[in-house]
Amino acid sequence: MIKHERYDVIIIGGGPAGMAVAVGAYKAGLRRLLLLERHPRLGGILNQCIHVGFGLRYFKEELTGTEYAARYRTIFDQTGTEVKTGSFVHQLTPGKGVTFICPEGEFTISSEKIVLATGCRERTREMLTIPGTRPAGIFTAGLAQEMVNIHGILPGREVMVIGSGDIGLIMARRMTLEGARVHAVLEILDHLSGLARNKIQCLDDFGIPLYLQHETLQIMGKDRVEAIRCRDNTTGEEKEFPCDTLLFSVGLIPERDLLVDAGSEPGNGIHLAGNADYVHDLVDKVTLDGEKLGRSLGENI
Amino acid sequence: MKKSSKSRRKAEKPLNKEKAKQYTCLVCPLCCELETDGAEVNGARCSKGEAFARQEIIMPLRVLTTTVRCDTPTGTKMLPVKTTNPVPRHQISTIVREIKALRFSGIPAIGTTISLEFSGQPIVLLVTGELD
């Protein structure tokens, strides 16, 4: 099932960062490369990014996320990296190897060099400690993106977006195009979190208001979200917005649970790539950083 | 040494202030603040930005991206598509409805183009994703 007993590098995660590390390592002369991906497909979050805005730097062309993934895949495929999809790494032993489960069973594979290319995770409503009930209808923006773009499910009809991160802005437009009504985007800070271009092409183009310095005070609803209450922190005025769906776009956190569970830090043969290292604003930069890290792994073997 | 992005901006040209409008450039993530009277453009760091401003003042155009349902033996899959050329912004909501009404049997390969007609205007869709 697995070709080698030992690998030069084991890469955990088959998104843009993981693929880029393999490309860099291959260029530096490494040949025994293993990439483990929990999903059935490579590409990571790019697979649900159907909007344009990717690749201007790396491919000198404006692509969708899905096109970027497919285009980079052709570069990655030339490395001959062994890819094991449907494989979930649940344990990591620094300097030694990883243990993963897959449909064939559980396996431990050794390598002195392990790269975490596990991306990042969205902050949730729970992390903001917003008071209120716990009804259905509360999603992170990225989860809503997966539901709409991959599964063809509209999470709700009357939508409020909490936080003005890029994914929230992109999803405000996406939900509108799919027939939902997005009432407003609420941002607690005095400035937009995402890119200015996304406010224009995702909110302004569709007449969706952005309310800055608006703090969400309470989520209401028994079985399903019915409304939210917020406060304009410039005037102290409180407002209520009826809605059936909340999308949270309130920041991203690098995913390093494997490292935390191992009681380890980066170093000692463990490397972080892409958004697991720090949250990048553009995938092009993830690719360039990943390739650089991959090359460095070959140089000091 | 890397030049600061500001220094790459061209010198300010005089604009017809009565006609002048301000835009944020949507061409790339730099988001240049543009001002144009339809002829001259200030604030752009590249010629694409200048062309964007001249177009924006006449009629804003946007690339439309969405998904089309595909019937396959293993169930319905969502296929990502984009318009090969930007479409008029004011027509986006009606064009997207036309696209959503489409239904494919099987999955066209990435790069496949699909020609549609919308109010007598040809619109070409490009398949942007690979599905299993």
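Description of the structure in this document. (Residues numbered from 1 in each chain as written. Chains lettered and ligands numbered in written order. Predicted model: local features only at pLDDT ≥ 70, side-chain atom pairs only at ≥ 80, totals over all residues. Heavy atoms only, no water.)

With that out of the way, let us pick up the sheet that holds strand β10 (residues 114-116) of chain A. Residue and element names in this part refer to chain A. Strand order in this open sheet of five strands is β6-β3-β2-β10-β21, and the pairing throughout is parallel. With partners counted over all chains shown, the strands left at the sheet margins are β6 (82-84) and β21 (270-272), one partner each. Pairwise comparison of adjacent strand axes, ignoring direction, gives a mean angle of 20° for this sheet. The sheet contacts of helix α1 (residues 16-27) involve β2 (9-12), β3 (33-36) and β10, and relative to β3 the element is tilted by about 180°. This element, helix α8 (residues 283-299), spans β2, β10 and β21 of the sheet and lies at about 160° to β21. (Pairing = 2+ DSSP bridges. Helix = DSSP H or I, 4+ residues; strand = E, 2+ residues; numbered from the N terminus. Axes fitted to C-alpha atoms, helices over the stretch in contact; angles between N-to-C directions. Contact = heavy atoms within 4.5 Å.)

Once that is clear, we can look at empty space enclosed by the protein. Residues and elements named next belong to chain B. Within this structure, the stated rule accounts for one cavity of 30 Å³ or more. Estimated volume of the largest cavity: approximately 40 Å³. Around the largest cavity, the lining residues are Lys 10, Ala 11, Glu 12, Lys 13, Val 41, Asn 42, Gly 43, Ala 44 and Glu 50. Across the lining of the largest cavity, the residue classes break down as three nonpolar, two polar and four charged. (1 Å grid on protein atoms, 1.4 Å probe; cavity = no way out; pocket = protein on both sides within 12 Å on 5 of 7 lines; lining within 4 Å. Points joined across faces, edges and corners; volume = space filled by probe spheres on them. Nonpolar A, V, L, I, M, F, W, Y, C, P; charged D, E, K, R; others polar.)

Before going further, it helps to examine the interface of chain B and chain A. If you look at the interface, chain B gives 28 residues, while chain A gives 27 residues. Across the chain B to chain A interface the summed buried area is about 2,200 Å²; carbon plus sulfur atoms make up 59%. On the chain B side of the contact with chain A, Leu26(B), Pro29(B) and Thr65(B) bury the most area, a combined 23% of that side's loss. Counting the contacts that link chain B with chain A gives four salt bridges. In this structure, Arg89(B) and Asp205(A) form a salt bridge, with 3.0 Å as the shortest nitrogen-oxygen distance. Our enumeration of links across chain B and chain A arrives at 13 residue pairs in polar contact (both at pLDDT 80 or more). Going through the elements one at a time, β5 (65-72), β6 (75-83) and α2 (92-100) of chain B are the ones with two or more residues in the side of chain B that touches chain A. (Buried area = accessible area lost by both parts, 1.4 Å probe. Salt bridge = Lys/Arg side-chain N within 4 Å of Asp/Glu carboxyl O. Polar contact = N/O pair within 3.5 Å; in protein donor to acceptor, adjacent residues only side chain to side chain.)

Along the chain, Gly129(B) turns up in the segment after β10 (121-127). Sequence separation between Gly129(B) and Leu79(B) is 50 residues, and the spatial gap between their C-alpha atoms is 6.6 Å.

Here we take up helix α4 (residues 141-149) of chain A. Residues lying three or four places apart along an α-helix face the same way, a consequence of the helix completing one turn every 3.6 residues. With seven of nine residues buried, α4(A) is to be regarded as a mostly interior element. Along α4(A), the residues that are buried comprise Ala141(A), Gly142(A), Ala144(A), Gln145(A), Met147(A), Val148(A) and Asn149(A). If you follow the buried residues of α4(A), they end up packed against β11 (120-122), β12 (138-140), α5 (166-177) and β19 (245-248) of chain A together with β5 and β6 of chain B. (Buried < 20%, exposed > 50% of the residue type's maximum accessible area, 1.4 Å probe, protein only.)

Our next topic: the nonpolar core. Residue and element names in this part refer to chain A. Counting 29 residues, the largest nonpolar core has Ile 11, Tyr 68 and Val 115 as the members making the most contacts within it. Secondary structure elements with two or more residues in this core: β2, α1, β3, α2 (65-77) and α8. Element by element, the count of residues in this core is highest for α1, at seven residues. Apart from residues lying up to four places away in sequence, Tyr 68 is in contact with Leu 46, Phe 54, Gly 55, Tyr 58, Phe 59, Leu 63, Val 283, Asp 284 and Thr 287. Judged by nonpolar contacts, the second largest core, of 21 residues, contains Val 159, Ala 180, Leu 203 and Leu 247. (Core = buried A, V, L, I, M, F, W, Y, C linked by side-chain atoms within 4.5 Å.)

A word on the side chain of Arg62(B). Looking at where Arg62(B) falls in the secondary structure, it is placed in strand β4 (residues 61-62). For Arg62(B), a relative accessible area of 7% gives the class buried. Polar side-chain contacts of Arg62(B) include one of 2.5 Å to the side chain of Asp205(A). Excluding anything up to four places from it in sequence, Arg62(B) contacts Ile200(A), Gln201(A), Asp205(A), Leu26(B), Phe52(B), Glu56(B), Thr83(B), Pro86(B), Val87(B), Arg89(B) and Ile92(B).

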